[in-house]
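# Examining the three-dimensional arrangement
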Amino acid sequence: MCAIALAGLVLWGTTPEAAAQTDASKAAVTACEAEVTDTVLQMRARDAQQLEFTSSKRMLVPTQNDEVGVKGEGRYRRAAGGTVSFTYSCAFNFKTGKASGALFNEVGPSPVSNAAAWQPDMSRLSPEDCELAVAALLKDKHPKGSSLAFNSGSRQLRPAANARVLLLGKGSMERGPGMRASAFTYQCEVDDRSGRMLQADATLQ
């Protein structure tokens, strides 16, 4: 009887507000991961199969304007064999119930130009910071853009003046709903000593 009474208290302790927050979080995760799935399948076409998300790596980050950010990790199996891991992020609007700004970044080695002659301090460099700045820049230039993806295999590091590093890469995005994906190039200037991102630039082709 005591166990039953305690169970009843636990159930009664679940407030409508808490239940609503749980439902909203589930909706955000479902919508964002569906948006990321569409982006991966569109960018990688038939090469991406059996896409999975790692629930233990999932994280919700509250933002402004009734939105929440969803971040996490996943992987997919390539048609030719082997798996590809990736990180992803997305924004979910509680008012509209829609997800937007889906990004996925395949995890892999980053090529380094002229590595024998020059080696940057990789412990301070963050490609993710660069790509977030590029994504924000492209979103400002193309507010209706979507399905933005970065090609981690295209990354290159080059030395620049004043102890700085240039991180260059490629990606693709749709300029507007229903439009075909367009390629873009980008570069970020980073302070090699502190790892601080100084400037980002992107060109949509």
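Summarised in this report is the structure supplied together with it. (Residues numbered from 1 in each chain as written. Predicted model: local features only at pLDDT ≥ 70, side-chain atom pairs only at ≥ 80, totals over all residues. Heavy atoms only, no water.)

## Description of the packing of aromatic side chains
To keep it simple, the criterion reads: Any two rings among Phe, Tyr and Trp, with Trp reduced to its six-membered ring, count as a pair given centres within 6.5 Å; such a pair is stacked if its planes are under 30 degrees apart, edge-to-face if over 60, and tilted if neither. Only DSSP runs of H or I reaching four residues or more are called helices, and only runs of E reaching two or more are called strands; each is numbered from the N terminus. Three exposure classes are used, based on accessible area relative to the maximum for each residue type with a 1.4 Å probe and protein chains only: buried under 20%, partly exposed in between, and exposed over 50%.
Scanning all chains against the criterion turns up nine aromatic pairs. Ring plane angle 85 degrees and centroid distance 6.2 Å describe the contact between Phe 53 and Phe 86, whose orientation is recorded as edge-to-face. Taken together, the positions of Phe 53 in strand 1 (residues 48–62) and Phe 86 in strand 3 (residues 83–93) put the pair 33 residues apart, joining distant regions of the chain. Centroid distance Phe 53 to Tyr 88: 5.1 Å. Interplanar angle 75 degrees. Geometry classified as edge-to-face. Of this pair, Phe 53 sits in strand 1 while Tyr 88 is found in strand 3, placing the two residues 35 residues apart along the sequence. Here Tyr 88 falls in the buried class, since its relative accessible area comes to 4%. By way of ring pairs, the aromatic residues Phe 53, Tyr 76, Phe 86, Tyr 88 and Phe 104 are connected into one cluster.

## So, the pattern of salt bridges
Cut-off, in case you're wondering: A pairing counts as a salt bridge when a side-chain nitrogen of Lys or Arg comes within 4 Å of a carboxyl oxygen of Asp or Glu.
Tallied over the entire structure, the rule returns four salt bridges. Close ionic contact of Glu 131 with Arg 155 constitutes a salt bridge, the shortest N to O distance being 3.2 Å. Pair noted here: Glu 131 is in helix 3 (residues 127–141) and Arg 155 is in strand 5 (residues 146–160), with a separation of 24 residues, a long-range link. Taken as a pair, Glu 131 and Arg 155 share a single burial class, namely buried. Close ionic contact of Arg 164 with Glu 189 constitutes a salt bridge, the shortest N to O distance being 2.9 Å. Here Arg 164 is found in strand 6 (residues 164–174), whereas its partner Glu 189 is found in strand 7 (residues 181–191), with 25 residues between them in sequence.

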